[in-house]
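Each chain, letter by letter, is given below.
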Amino acid sequence: MPSTTTHAAAGPAPAPVGRRERKKAATRQAIADAALRLFLERGYDAVGIREIADAADVSTTTLFKHFPVKEALVFDEDSDQEARLLAAVRERPEGRSIPAALREHALTTRLATGAAEDGDFAAFANLVATTPALRDYAQNMWLRHAAALARVIAEESGLAADDPVCAALAHFALEAPRAASTHDNPRQAIVRAFDLLEHGWSGHAQADA
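Criteria and thresholds
Residues numbered from 1 in each chain as written. Predicted model: local features only at pLDDT ≥ 70, side-chain atom pairs only at ≥ 80, totals over all residues. Heavy atoms only, no water. Helix = DSSP H or I, 4+ residues; strand = E, 2+ residues; numbered from the N terminus. Buried < 20%, exposed > 50% of the residue type's maximum accessible area, 1.4 Å probe, protein only. Contact = heavy atoms within 4.5 Å. Axes fitted to C-alpha atoms, helices over the stretch in contact; angles between N-to-C directions. Parallel < 35°, antiparallel > 145°, perpendicular 65-115°, else oblique. Left-handed = near helix turned anticlockwise from the far one by under 90°. Nonpolar A, V, L, I, M, F, W, Y, C, P; charged D, E, K, R; others polar. Salt bridge = Lys/Arg side-chain N within 4 Å of Asp/Glu carboxyl O. pLDDT = per-residue confidence, 0-100. Phe/Tyr/Trp six-rings, centres within 6.5 Å; stacked < 30°, edge-to-face > 60°.

## Examining the overall build of the chain
The helix and strand inventory of the chain stands at nine helices and zero strands. For the chain, the sequential pattern of α-helices and β-strands runs α-α-α-α-α-α-α-α-α. Split into buried and exposed, the 209 residues of the chain put 33% on the buried side. Contacts in the chain between residues far apart in sequence, at least 24 positions, make up 65% of those at least 6 positions apart.

## Here we look at the packing of helix α7 (residues 132–157) against helix α8 (residues 164–180)
It is the contact of α7 with α8, at a shortest axis distance of 8 Å, that shows an interaxial angle of 130°. Our classification of the angle between α7 and α8 gives oblique. Considering only the axes of α7 and α8, their crossing is right-handed. Together, Trp 142, His 145, Ala 146, Leu 149, Ala 150, Ile 153 and Ala 154 of α7 and Cys 166, Ala 167, Leu 169, Ala 170, His 171, Ala 173, Leu 174, Glu 175 and Arg 178 of α8 make up the contact between the two elements. The class makeup of the residues in the contact of α7 with α8 is twelve nonpolar, two polar and two charged.

## Examining the pattern of salt bridges
Within the structure shown, the criterion is met by eight salt bridges. The salt bridge involving Arg 84 is made with Glu 77; its shortest N-O contact spans 3.9 Å. Using a relative accessible area of 40% as the deciding quantity, one classes Glu 77 as partly exposed. A salt bridge links Glu 104 to Arg 103, with the nearest nitrogen and oxygen atoms 3.1 Å apart.

## As for the side chain of Asp 76
Along the chain, the position of Asp 76 falls in the loop between α3 (60–66) and α4 (78–90). The residues contacting Asp 76, other than those within four sequence positions of it, are Arg 28, Gln 29, Ala 32 and Phe 67.

## Considering the confidence of the model for the chain
Overall, the prediction assigns the chain a mean pLDDT of 86, with 83% of residues at 70 or greater. Considering each helix and strand of the chain separately, the mean pLDDT is smallest for helix α5 (residues 98–114), with a value of 83, and largest for helix α2 (residues 49–56), with 98.

## Some points on the packing of aromatic side chains
All chains considered together, the criterion is met by three aromatic pairs. With centroids separated by 4.9 Å and ring planes inclined at 55°, the aromatic side chains of Phe 39 and Tyr 44 adopt a geometry described as tilted. Among the residues examined, Phe 39 registers a relative accessible area of 1% and is labelled buried. Centre to centre, the rings of Phe 75 and Tyr 137 are 5.3 Å apart; their planes meet at 15°, and the pair counts as stacked.

Set out below in structure tokens:
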């Protein structure tokens with residue numbers, strides 16, 4: 001899903017995707033879909049790479065060209081998710097703060113997944129939560145996204161690449177939607193969390209001893 005936080009004056013439209021690129025994308029999607037279906041049916045550890053390749057009607061060589069490791073089959077949108085996250089900061093409208101841009105991105109992502117949470121998304125989340133290899137991969141993916149986001153925040157803010165403030169904002173911006181997921185009103189929880197990032201604790205605490 002493309003980011004909604006783009007500059008008001010957008011650049012030229014991207015060139016149409018060629019037939020070869022469309023075919024590669026379709027093959028990649030077919031492999032990922034077959035893998036997830038088999039994993040959900042039988043469990044991650046019970047399914048082999050050859051079975052997935054056969055189900056997607058490709059060779060194992062083709063499968064590994066798209067997915068270098070088995071865990072990546074479950075997180076096939078990893079690169080796209082990171083690209084949208086970074087674009088939310090880089091392409092935010094003039095005058096919009098970085099926390100506000102990240103809030104809008106979090107809310108957009110939440111709205112996109114919320115409708116599926118009672119079905120496919122819940123099954124996917126359970127698969128990851130109950131599979132140690134997938135939990136580890138997801139955590140490493142989270143750390144990669146946080147590091148990339150911290151670098152972009154630093155670039156956009158004119159701060160040093162290793163400034164801990166940038167790392168902290170990136171960390172909490174990625175953690176806020178996860179923390180809000182169990183809240184009775186996740187959307188409201190996300191908004192309040194990002195208000196904290198925008199304005200600081202003093203504007204939220206009722207009293208601080």
